[in-house]
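Listed below are the residues making up each chain.
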Amino acid sequence: MIGESRLSFWAAGSFCNKVVTMKKLVIFDLDGTLLNTIADLANSTNYALAENGFATHQVSEYNYFVGNGINKLFERALPEKERNEENILKIRKAFLSHYERHNMDHSSPYPGIADLLAALQEKGVMIAVASNKYQAATEKLVPYFFPDIHFVAILGQRDGVNTKPDPAIVHDILRIAQVSKEDALYVGDSNVDMQTAINSGVDACGVVWGFRPVEELESYHPKYIAHTAADILEYLG
């Protein structure tokens, strides 16, 4: 069960504690927020790099490669002098084949996430996913790990739609849910997520258990910083 915990948020340049009004919609980032997927992403990218004769990386390095979609992931993983469209497409082809078979080998929800989602659903709060992971994988992983949760929208990286931090994905979800930006909360673990919230005009909650350090989140001054999944529920009141 979700226990008691502390919620930190920015107010007048300092951290305070407070319970505020319930939101109608919570939009979650996926990788690094709902699911710890870094090992599977790293393993599949390393496989693709090795298949094409490039050096591989430690799993921990991928914390800073991911976040802007898979093509940007491949660009960052390639040697600097080899970062061209041809090589990115080669890595992408090998990655997709491998990741399709191995995207659940080591991935799992973060502690407390399943309870958080169930509690939000019970309270009548709508839940959505806005990810820069490509759409097919996003649609596969979310229902698999959270089969009892109804998501009003599960959106990933789609052809013709700009990736985060462009606000298009958030605007799409707000339209589907028929919710105003004032009634939504965006939850994520990276600078990309914090900038997405800013660009879309939605309150942001940064989570510290993901791929990026808390200092990165704090530099964007999100309204809330959650140290546990329970903090998000406490914020919602």
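As shown above, the structure is provided for reference.
All residue numbers refer to positions counted from 1 along the written sequence of the respective chain. A pLDDT threshold of at least 70 governs which residues receive local features in this predicted model, and a stricter bar of 80 or more applies before side-chain atom pairs are shown or counted, although totals over entire chains, interfaces and linings include all residues. Side-chain numbers here rest on the full set of heavy atoms in the structure, without hydrogens or water.

## So, helix α9 (residues 229-236)
Worth spelling out the cut-off: Note on exposure labels: buried denotes an accessible area under 20% of the residue type's maximum, exposed denotes more than 50%, and partly exposed covers the range between, all computed with a 1.4 Å probe on protein chains only. In this description a helix means any DSSP run of H or I spanning at least four residues, a strand means any run of E spanning at least two, and both kinds are numbered starting from the N terminus.
With seven of its eight residues buried, α9 lies for the most part within the structure. Taken together, the buried positions of α9 are occupied by A229, A230, D231, I232, L233, Y235 and L236.

## Describing unusual backbone geometry
Only a minority of non-glycine residues have a phi that is not negative, and only a minority of peptide bonds are not trans. Residues K164 and P165 are joined by a peptide bond in cis, for which omega reads 15°. Relative to the assigned elements, P165 resides in the loop between β7 (153-157) and α6 (168-177). Non-glycine residue Q178 carries a positive phi angle of around 60°. With respect to the helices and strands, the residue Q178 is situated in the loop between α6 and β8 (184-188). Q178 sits in the exposed class, given a relative accessible area of 73%. Phi is positive for H221, close to 50°, though the residue is something other than glycine. Locating H221 in the fold gives a position in the loop between α8 (214-218) and β10 (224-226).

## What about the packing of helix α2 (residues 70-77) against helix α3 (residues 85-102)?
Quick note on the threshold: Axis lines are fitted through C-alpha atoms, for helices just across the contact stretch, and the angle between N-to-C directions can take any value from 0 to 180 degrees. In what follows, roughly perpendicular refers to angles from 65 to 115 degrees, roughly parallel to angles under 35, roughly antiparallel to angles over 145, and oblique to any angle outside these ranges. When the near helix sits turned anticlockwise from the far one by under a right angle, the crossing is termed left-handed; a clockwise turn instead gives a right-handed crossing. When checking whether two residues touch, look at their non-hydrogen atoms; a contact exists if any pair is within 4.5 Å. Under the grouping applied here, Gly and all other residues not named as nonpolar or charged are polar, the nonpolar ones being Ala, Val, Leu, Ile, Met, Phe, Trp, Tyr, Cys and Pro and the charged ones Asp, Glu, Lys and Arg.
Close contact between α2 and α3 brings their axes to 9 Å; oriented N to C, the two are set at 115°. On the basis of their axis angle, the class for α2 and α3 is roughly perpendicular. Here α2 and α3 pass one another in a crossing that is right-handed. Seen from α2, the contacting residues are I70, N71, F74 and E75; seen from α3, they are I88, I91, R92, F95 and L96. Residues of the contact of α2 with α3, tallied by class, amount to six nonpolar, one polar and two charged.

## Considering the nonpolar core
Put simply, the rule reads: Here, nonpolar core refers to any group of buried Ala, Val, Leu, Ile, Met, Phe, Trp, Tyr and Cys residues whose side-chain atoms link them within 4.5 Å.
In this structure, F28, F146 and I232 are the most contacted members of the largest nonpolar core, which totals 55 residues. Those residues in contact with I232 that sit more than four places away from it in its chain are F28, L116, L185, V187, C205, V207, W209 and A226. Core analysis: the next-biggest nonpolar cluster, separate from the first, contains 20 residues, A153, A177, Y186 and A204 among them.

## Considering the pairing of strand β6 (residues 126-134)
For clarity, the cut-off: Two strands qualify as a pair provided that DSSP identifies no fewer than 2 bridges between them. The definition of a right-handed crossover adopted here requires that, viewed with the strands pointing away, the path from the first strand over the helix to the second runs clockwise.
Counting buried residues along β6, eight of its nine residues qualify, which places the element largely inside the surrounding structure. Of the pairings in the sheet, the one linking strand β3 (residues 25-28) to β6 comprises four bridges and is parallel in character. The residue bridging V26 from the neighbouring strand is I127, located in β6. In the sheet, β6 pairs with β7 via four bridges, with the strands oriented parallel. Each bridged residue has a counterpart across the sheet, and for Y134 the counterpart in β7 is Q157. Between the parallel elements β6 and β7, the chain passes through helix α5 (residues 135-145) in a crossover that is right-handed.

## Brief notes about the pattern of salt bridges
Put simply, the rule reads: Each reported salt bridge corresponds to a side-chain nitrogen of Lys or Arg within 4 Å of a carboxyl oxygen of Asp or Glu.
One pass over the full model with this rule turns up twelve salt bridges. Linking E75 and K72 is a salt bridge whose minimum nitrogen-to-oxygen distance equals 3.4 Å. Residue E75 and its partner K72 are both found in helix α2; the two are separated by three residues, about one turn of the helix. Given a relative accessible area of 30%, K72 falls into the partly exposed group. For K90, the salt bridge is made with E86, and the minimal N-O distance between the two is 3.6 Å. Of this pair, K90 and E86 are both found in helix α3, four residues apart, which corresponds to roughly one turn of the helix. Taken together, the shared-partner salt bridges in this structure form one network comprising K23, D203 and K223.

## So, the pairing of strand β9 (residues 203-207)
Of all five residues making up β9, four are buried, and the element is well covered by its neighbours. As for the winding sense of the linkage, the β-α-β connection from β8 through helix α7 (residues 191-200) to β9 is right-handed. As judged from the three bridges shared by β9 and β10, these two strands associate in the parallel manner. Its bridge partner being in β10, G206 is matched across the sheet by I225.

## So, α2
Heads up, the condition is: It is the directions from the helix axis to the C-beta atoms whose arc is reported.
Looking at α2, one finds that the buried residues are I70, L73, F74 and A77. All buried residues of α2 project into a common sector of 95° when viewed along the axis, lining one side. On its buried side, α2 packs onto α1 (38-51), α3, β6 and β7.

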